[in-house]
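An overview of the molecular structure
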Amino acid sequence: MPPKRSKSVTSSAGSKKKGKNTESPAQGEKRGHPDDILPMVLTSATQELFGCRADEDVTGESPYKLLKKDDLIQDLKTRAAVSDFSPAKQIVLDYPEDELLLVFDRDFTYDQLFYLVLTPEAKARILNPPQPEAPEVCENEVHKTGRSEPKPWISLGSEQEIEEESFKESREKLWYKFSRVRRKFGAPVCFSESNIDAYMECVPFQDSRFRIKQMQRDFGMQAVPRMQSSSSQTQWKFKRNIFTRYTPRELSDGDKENIHQCENLKHFCNSVTPRVLQALQQEEIMNVFFDDWKALGTAGDDADWSGKVSEGLMLYQAFTDQKYTKDKKISSINWHPTIYGVLAVALTEKKKEEAMDESSAFEFRASHIVFYSFSDPSNPQLLLECPDDIYAFEFCPSDPNIIVGGCVNGQVVLWDISAHVIHLQGTQPGKKYSLNADTFDLDDNKENKTPVVRYCAVSALESSHKAPITDVQWLPPTFEVTKLGLPVENKNNVSVQVVTCSPDCALMFWDVRVTKLLSQSGSDRKQNADQKTSYGVPETFKHLDRTWKPLFKVSLPKIDTGGEYAPLKFSLELYTCNANTGRTKEEANENDDGSKVVPDYSQLRMPSAKTLATLEDFNTKLYIGTEDGEIIYTDWKLVKDDSGRQQSAKPLHCFRTHHWLVNTVQRSPFYKDIILTMGSWNFAIWKEGVMEGPIVTSPCSEQVCTAGCWSPSRPAVFFIGKDDGSIEVWNLLEKTGEPLQVHAHITDAKITCIKAWTASSKQHFLAVTDDLGMVRVLEIPKTLYAPFKSETLSVKKYFKLEEDRLKDFMKRDELWAKQKKEAEKLKKKMDPVKPVKSLTENDEENMKEYNVHLEQEESVLKGLGLWTAPADTEDT
Amino acid sequence: MAGTEHTNVEDTLKRIEAHKGVIGTIVVNTEGIPIRTTLDNSTTVQYAGLLRHLAMMARSTVRDIDPQNDLTFLRIRSKKHEILVAPENDFLLIVIQNPSE
């Protein structure tokens, strides 16, 4: 390693200034002013001489005065030692330029009033300061915007390190010259031996300096990323487009015009038109693709060609249960809306009137609603316990686990069977794997026990009906009703309200949700929501139990006389289309299917009436069948009467079509304005909006019609159950005066209830219940459930026809009545006409004569000159 | 003269359009760009594009079987309506008709 250089005092390299600065640097540094100026004192004489009087020729603002060198020399010569410029004599003589700068130093920065600038460079520098201010400022500004300005270097000690490390010559280079004497050049050489006594040997020795190992070494490192670039190429084997995006080409208007003008188009049109017209005409004449043969036979589509095409209703299954149905009759039957093959019947006591007299009346047997399933005809699947006999019950359309029923004592009852739905579903044929798989030994126990569900809630006794409830219906999920009786939109889209009617002349609207008053304590109930009471009753409707009051009540005052109608059955219009929200039934159905969220009924709250929009265009009218056989068309909206109170409006019309109890009022599932009513010995079909009466009335039959229902798949077919246990099938398109088929002796007793159901596209069932507590399920044959192609249209046309006929009939009726009246009036007028007429004629004649007489009198008197105008007195 | 030719074309096409059951007419040139139409733009473009290919293919089919033959008319009957396509030297006339049922 090279030895370190010894430090020596060196003068900094660049400090040697060239120029005419003859003063030594040491001297210069000792003074307080730079080397190239010389402070001097100028006497006033000198000042006057050179024209640099203080504060007159030179001032603070212009302190510079240029003095000619010749003048100075002259002055020096003339005044020699006295001259003020004598100290600078040599400088002046040596000055290369012609003019020296004298600066008036007002502030005495260099201790004297004036100073002479000794070097031309300094003079230039002082005279023309290198304009540092402005450009520097500009540069600063410029630099500030972009990069940082170069700042003066602050020494942090790094120059010492550099100095240490740098290589400097410590002394002058020494050079030696070795030469031989000239005369010895070329002389012969003579080598001789000699003993070397003293010789220097350089022996290698261990230098201790090299034994020390350096343990720590500073060196620098830089990490360089290794970069490698490579490339590859894929093989595009099948060149094809996966997506293309394009816009269609279109012609501009100008092009179009051009084309329109050209001859080609004209020829084209002319040649093509006849063909096209012919084709259009052909199309219009007849439809060549219509297969008449195929359209003829509807039954032969995929029917069994074995020849066993059944024409009539075939018995599919019969349900009965000894334990529960003994001595009971069935008052109402309903199919479960979602589970296949499950139906529920309500059982009521028979011989009720007689039971009141006998003492055995108080043998209380609980009333039940029994669920049957196709898989098990002799055992009921589920029992619903009722407080009393139920005359009508319905499944909730939004949630088939909620069932509402109307009691014989006027109360409304609610059940929630959600806990047992799985059991019901498990009883479907083909799903036997579910519950009984694990518990083989407990099989007997399980089968014997039919689960019993107690009712969740009953209405308050004092606010219920006073007579048995004969009809219960859920309001459709599209609307609901407020306390004031106004229809409003239903935000939840579930059915939450129930309408009941009873022969106590009232129609009541009920709501199954929690009212606002109870909502505070509802929070407590929420915690217990999933717990059950000791009876195993779900808490869904606990808020309603025994305190349930109807929303409002609609009474049915009679039209002409005082008193009220006693309704037995009613039918509401199912509101399907809402112009306000723009949602149709299909949309609502889709929403239900998509979400499949059935709200928890115990959590539903009644909203404040103000937040819901009233439905303006809603049809609030309904058809009611009464005890006396009348069919009433009335509005359930409450109106204000004279005294300002809310009251039910009078019915719009009422017809005594049936003679006795009306047992069915049902809307057609295909048309929302066609209603079938049935009672006593005939039935009638009504169209909503036609005020004149039923559009179709049937002739009276021999037996009493006790039950009826529309077919769910064919708009023209409906079924009637009779008193003697027979069923009639009517088809309006084929025969209007008599039934299409009569199936006698379906049951042995009176048919109490009949309900049709479409279980699947091939299986249509008709459930028939009778007075003995038996339920029979009949299968409807294909002829009766497969509709024709245009059956809906045909039936609609038929109804329209009937309506027109009816209207026409009414018109004619009126006309005839009018004519009759007129004829009578005419007769009456004939006799007393003449005398009356002669009297008036006489009067007129008399008046005329009198006027003539007056005129005559006037003229005569005037002639005599005695005319006094009597008109004055007459006039006043 | 050009004007009268134009009106002739118009009149002829109007006769077709006024026929019973006609939903719309489209006149298409060789490239498949609709020249004249009574339907809305998107439908027109769709019909023109699709039917042109079909008509060409039908024409080539007919001519493949018998080179002396040529396609005069193409009718497509669908459930909802009937499409009539009449090809000519340079143009194509498409008529959509609703058959009376």
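Since we're looking at a predicted model, the values are computed, not measured.

How each quantity is defined
- Residues numbered from 1 in each chain as written.
- Chains lettered and ligands numbered in written order.
- Predicted model: local features only at pLDDT ≥ 70, side-chain atom pairs only at ≥ 80, totals over all residues.
- Heavy atoms only, no water.
- Helix = DSSP H or I, 4+ residues; strand = E, 2+ residues; numbered from the N terminus.
- Buried < 20%, exposed > 50% of the residue type's maximum accessible area, 1.4 Å probe, protein only.
- Contact = heavy atoms within 4.5 Å.
- Areas by Shrake-Rupley, 256 points an atom, 1.4 Å probe, with all protein chains shown as cover.
- Buried area = accessible area lost by both parts, 1.4 Å probe.
- Salt bridge = Lys/Arg side-chain N within 4 Å of Asp/Glu carboxyl O.
- Polar contact = N/O pair within 3.5 Å; in protein donor to acceptor, adjacent residues only side chain to side chain.
- Nonpolar A, V, L, I, M, F, W, Y, C, P; charged D, E, K, R; others polar.
- Pairing = 2+ DSSP bridges.
- Axes fitted to C-alpha atoms, helices over the stretch in contact; angles between N-to-C directions.
- Core = buried A, V, L, I, M, F, W, Y, C linked by side-chain atoms within 4.5 Å.
- Phe/Tyr/Trp six-rings, centres within 6.5 Å; stacked < 30°, edge-to-face > 60°.
- Patch = residues over 30% accessible without salt bridge, like charges linked within 9 Å, V, L, I, M, F, W, Y side chains within 5 Å.
- Lys, Arg positive; Asp, Glu negative; His and termini not counted.
- Charge placed at Lys NZ, Arg CZ, Asp CG, Glu CD.
- pLDDT = per-residue confidence, 0-100.

1. Section: the overall build of chain A
Counting its regular elements, chain A contains 20 helices and 37 strands. Looking at chain A as a whole, 37% of its 876 residues qualify as buried. Restricting the contact set of chain A to residue pairs at least 6 apart, pairs at least 24 apart contribute 63%. Taken as a whole, chain A presents about 56,500 Å² of accessible surface, with 53% of it coming from carbon and sulfur.

2. Here's the deal with the interface of chain B and chain A
If you look at the interface, chain B gives 41 residues, while chain A gives 30 residues. Around 3,400 Å² of area is buried between chain B and chain A when both sides are counted, 62% of it from carbon and sulfur atoms. There are three salt bridges connecting chain B and chain A. One salt bridge connects Glu283 of chain A with Arg77 of chain B, and the closest N-O pair in it is separated by 3.4 Å. Joining chain B to chain A, the criterion identifies eight residue pairs in polar contact (both at pLDDT 80 or more). Among the secondary structure elements, those contributing two or more residues to the side of chain B that touches chain A are α1 (2–17), β1 (22–28), β2 (34–37), α2 (41–65), β3 (74–77), β4 (82–87) and β5 (92–97) of chain B. In terms of residue count, the dominant contributor to the side of chain B that touches chain A is α1 of chain B (ten residues). The residue inventory of the side of chain B that touches chain A, partitioned by class, reads 19 nonpolar, eleven polar and eleven charged.

3. Some points on the sheet that holds strand β4 (residues 114–117) of chain A
Neighbouring strands of a sheet are bound in pairs by backbone hydrogen bonds; such pairs are parallel or else antiparallel. All names here are of chain A. Spatially, β1-β4-β3-β2 is the arrangement adopted by the four strands of the open sheet, whose pairing is antiparallel. Each edge of the sheet is formed by a strand with only one pairing partner; in this case those strands are β1 (37–40) and β2 (64–68). Looking at each pair of strands side by side, their axes are set apart by 30 degrees on average, direction ignored. The sheet contacts of helix α3 (residues 69–79) involve β2 and β3 (99–104), and relative to β2 the element is tilted by about 70 degrees.

4. Remarks on the nonpolar core
By size, the foremost hydrophobic cluster in this structure holds 23 residues, and its most contacted members are Phe268, Val276 and Leu280 of chain A together with Ile16, Val27, Leu93 and Val95 of chain B. Going through the elements one at a time, α9 (263–285) of chain A together with α1, β1, β4 and β5 of chain B are the ones with two or more residues in this core. A per-element tally of this core places α9 of chain A first, with eight residues. Each residue touching Leu93 of chain B, except ones within four places of it in the same chain, is listed here: Phe268, Val272 and Val276 of chain A together with Leu13, Ile16, Ile26, Val27, Leu84, Val85 and Ala86 of chain B.

5. Section: the pairing of strand β31 (residues 705–710) of chain A
Judged by how many residues are buried, β31 of chain A sits mostly within the fold: six of six residues are covered. In this antiparallel pair of consecutive strands, β31 of chain A and strand β32 (residues 717–722) of chain A, the connection spans six residues.

6. Re the packing of aromatic side chains
Residues and elements named next belong to chain A. Applying the stated rule across the entire model yields 13 aromatic pairs over all chains. Considering the side-chain rings of Trp335 and Phe765, the 6.0 Å spacing of their centres and the 15 degrees angle between planes classify their relative orientation as stacked. Of this pair, Trp335 sits in strand β6 (residues 328–335) while Phe765 sits in strand β36 (residues 764–770), placing them 430 residues apart in sequence. Between Trp710 and Phe718 the ring centres are 5.5 Å apart and the planes differ by 70 degrees, which places this aromatic pair in the edge-to-face class. Accessibility classification places Trp710 together with Phe718 in one group, the buried group.

7. A short note on the sheet that holds β2 of chain B
Residue and element names in this part refer to chain B. Here five strands make up an open sheet; going across it, the order is β2-β1-β5-β4-β3 and the pairing antiparallel. Both outer strands of the open sheet, β2 and β3, are each paired with one neighbouring strand and no more. This sheet shows a mean twist of 15 degrees between the axes of neighbouring strands, independent of strand direction. Pairing geometry for β1 and β2, over three bridges, is antiparallel. From the neighbouring strand, Val27 faces β2, where its bridge partner is Arg36. The sheet contacts of α2 involve β1, β2, β3, β4 and β5, and relative to β5 the element is tilted by about 115 degrees.

8. A look at the pattern of salt bridges
Tallied over the entire structure, the rule returns 19 salt bridges over all chains. Across the pair Lys687 of chain A and Glu803 of chain A runs a salt bridge whose closest N-O atoms are separated by 3.0 Å. One end of the pair, Lys687 of chain A, is in strand β29 (residues 682–687); the other, Glu803 of chain A, is in helix α18 (residues 791–830), with 116 residues separating them in the sequence. The same class applies to Lys687 of chain A as to Glu803 of chain A, namely buried. With a closest N to O distance of 3.5 Å, Asp770 of chain A and Arg776 of chain A form a salt bridge. Considered together, Asp770 of chain A and Arg776 of chain A belong to a single accessibility category, that of buried residues. Shared partners join several salt bridges into a network, and the residues in it are Glu283 of chain A together with Arg75, Arg77 and Glu82 of chain B.

9. Side note on the side chain of Asp471 of chain A
Relative to the elements of secondary structure, Asp471 of chain A occurs in strand β15 (residues 471–474). What Asp471 of chain A contacts, discounting residues up to four positions off in sequence, is Ala392, Val499, Thr500, Cys501, Leu568, Lys569 and Phe570 of chain A.

10. Re the pairing of β3 of chain A
All names here are of chain A. The element β3 is extensively covered by neighbouring structure, given that five of its six residues are classed as buried. Summarising the sheet, β3 and β4 pair through four bridges and their orientation is antiparallel. Residue Val103 lies in a different strand from β4, and its bridge partner there is Tyr115.

11. Some thoughts on a negative patch on the surface
Residue and element names in this part refer to chain A. On the surface, Glu841, Asp843, Glu844, Glu845 and Glu849 cluster together to form a negatively charged patch. Position of Glu841 relative to the elements: it lies in helix α19 (residues 833–864). Here Glu841 falls in the partly exposed class, since its relative accessible area comes to 45%.

12. As for a nonpolar patch on the surface
All names here are of chain A. On the surface, Ile285, Met286, Val288 and Phe289 cluster together into a nonpolar patch covering about 460 Å² of accessible area. Among the structural elements, Phe289 can be located in the loop between α9 and α10 (292–296). Classification of Phe289 as exposed rests on a relative accessible area of 56%.

13. A few points about the confidence of the model for chain A
The pLDDT averaged across chain A works out to 72; a share of 72% of its residues lies at or above 70. Scored below 50 in pLDDT, residues 1–30 of chain A makes twelve contacts in the model with residues more than four places away or belonging to other chains.

14. Comments concerning the environment of Thr747 of chain A
Tracing the sequence through the fold places Thr747 of chain A in the loop between β34 (741–743) and β35 (751–758). Apart from residues lying up to four places away in sequence, Thr747 of chain A is in contact with Asp724, Gly725, Val768, Asp770 and Arg776 of chain A.

15. Here we look at the environment of Ser726 of chain A
Residues and elements named next belong to chain A. Relative to the elements of secondary structure, Ser726 occurs in the loop between β32 and β33 (727–731). Each C-alpha atom, one on Ser726 and one on Ile751, is 7.6 Å from the other, the two residues being 25 residues apart in sequence. Apart from the residues lying within four places of it in its own chain, the contact partners of Ser726 are Ile720, Gly721, His743, Ala744, His745 and Ile751. One polar contact links Ser726 to Asp724, side chain to side chain, over a distance of 2.8 Å.

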